[in-house]
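Structural characterization, general
If you want the building blocks of each chain, they are given just below.
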Amino acid sequence: RVPVAQAARLAAALVELSAIVMLPPFVFAMAEAELLTTAVLGRQWAGTGEFIRLLALPMLVLAATSWLDRLFDVHQRQRVALALEGGFTVVSLAVVAALLVAGQPRIAVAVFAVGSVFYYLLYAWLAFVANGLPRSALLRPVMLMLMLGVAAAVVCVVAASWPSAG
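Quick look at the structure, then. (Residues numbered from 1 in each chain as written. Predicted model: local features only at pLDDT ≥ 70, side-chain atom pairs only at ≥ 80, totals over all residues. Heavy atoms only, no water.)

**Some details on the packing of aromatic side chains**
The description of an aromatic ring pair uses the distance of the two centres, along with the angle that the planes make with each other. Stated formally: Ring pairs are drawn from Phe, Tyr and Trp, using the six-membered ring of Trp, whenever the two centres fall within 6.5 Å, and their geometry is named by plane angle: stacked under 30 degrees, edge-to-face over 60, tilted for the rest. Every helix listed is a DSSP run of H or I at least four residues long, and every strand listed is a run of E at least two residues long, numbered separately from the N terminus.
By the definition in use, this model includes 6 aromatic pairs. A ring pair is formed by Phe88 and Tyr119, whose centres lie 4.0 Å apart and whose planes are at 5°; its orientation type is stacked. Placement of Phe88 in helix H5 (residues 78-101) and of Tyr119 in helix H6 (residues 105-130) is noted, with a sequence separation of 31 residues between them. Measuring from ring centre to ring centre gives 6.2 Å for Phe88 and Tyr120, while their planes differ by 55°; the resulting arrangement is tilted.

Given below as structure tokens:
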């Protein structure tokens, strides 16, 4: 049996490694979002690349941390996971719906993206806490994800100012 501290360090290292390994394709998707949406989905989707840019970071954080939900299964703490997921879903749907009704689709996606990043990081942290793993092990990967968020925002701003290829 693996000691708890060692398991926590391994899980945190896997989160960090996942984020680093997956970063290049996500940055590419952000930088070339408009080109990708038009190429993959067709001209009728032109102009939607900005949504890919906004959602790329939450997708990266989710991809790097989603496997941690198995900790809830292993330790039979599924109720905690269900409460987290249910709460996030209800709050996100309410906020996004309100913003869409108010005619603010870009703001709705941006708010959802920011909320998702924080939720996925909180979920990872709570996966450690609720299952008795030392949360200090997760500090470095969480800081990495937040730094990636700042870098992603810079990429979004720079990519949005690039001249259009079309």
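**As for the environment of Phe112**
Convention followed: In what follows, a contact means two residues having at least one pair of non-hydrogen atoms within 4.5 Å.
Checked against the element boundaries, Phe112 lands in helix H6. Separated by 20 residues in sequence, Phe112 and Ser92 have C-alpha atoms that sit 6.6 Å apart. Discounting chain neighbours no more than four positions away, the residues touching Phe112 are Leu55, Phe88, Ser92 and Val96.

**Focus: the pattern of salt bridges**
Let me state the cut-off plainly: Only one rule defines a salt bridge in this text: a Lys or Arg side-chain nitrogen within 4 Å of an Asp or Glu carboxyl oxygen. Burial here depends on accessible area, computed with a 1.4 Å probe over protein chains only, as a share of the maximum for the residue type. Under 20% is buried, over 50% is exposed, and the range in between is partly exposed.
Overall, the coordinates contain 4 salt bridges when judged by the stated rule. Among the salt bridges present, the one from Glu50 reaches Arg106, with a minimum N-O distance of 2.6 Å. With Glu50 in helix H3 (residues 49-65) and Arg106 in helix H6, this pair connects stretches of sequence that are 56 residues apart. Under the relative-accessibility criterion, Arg106 is labelled partly exposed at 46%. One salt bridge in this structure joins Asp73 and Arg70, with 3.1 Å as the shortest N-O distance. Highlighted residues: Asp73 and Arg70, both in helix H4 (residues 70-74), separated by 3 residues, approximately one helical turn. Three or more residues joined by partner-sharing salt bridges are found here, namely Asp69, Arg70 and Asp73.

**A few points about the environment of Leu60**
Tracing the chain through its elements places Leu60 in helix H3. Separated by 11 residues in sequence, Leu60 and Leu71 have C-alpha atoms that sit 20 Å apart. Setting aside residues up to four positions removed in sequence, Leu60 forms contacts with Ala19, Met22, Leu23, Phe26 and Leu148.

**Some thoughts on the packing of H5 against H6**
So the rule is basically this: As a rule, the C-alpha atoms of each element are fitted with a line to give its axis, helices using only the stretch in contact, and angles between N-to-C directions run from 0 to 180 degrees. Each angle receives one of four descriptions, namely roughly parallel if under 35 degrees, roughly antiparallel if over 145, roughly perpendicular if within 65 to 115, and oblique otherwise.
Two elements in contact, H5 and H6, have axes separated by 10 Å at closest approach and are oriented at 170°. Taken as axis vectors, H5 and H6 run roughly antiparallel relative to one another. Along the contact surface, H5 presents Val80, Ala81, Leu84, Glu85, Phe88, Ser92, Val95, Val96, Leu99 and Leu100, while H6 presents Pro105, Ile107, Ala108, Val111, Phe112, Gly115, Ser116, Tyr119, Tyr123, Leu126 and Ala130.

**What to know about the nonpolar core**
As a reminder of what qualifies: Definition of nonpolar core: a set of buried residues of the types Ala, Val, Leu, Ile, Met, Phe, Trp, Tyr and Cys, connected through side-chain atoms within 4.5 Å.
Within the largest apolar cluster, 35 residues are counted, with the highest numbers of intra-cluster contacts made by Leu57, Val61, Leu68, Phe72, Phe128, Met145 and Leu148. Put simply, the parts of the chain that give this core at least two residues each are helix H1 (4-31), H3, H4, H5, H6 and helix H7 (139-161). Ignoring sequence-local partners within four residues, the contact set of Leu57 consists of Val117, Leu148, Gly149 and Ala152.

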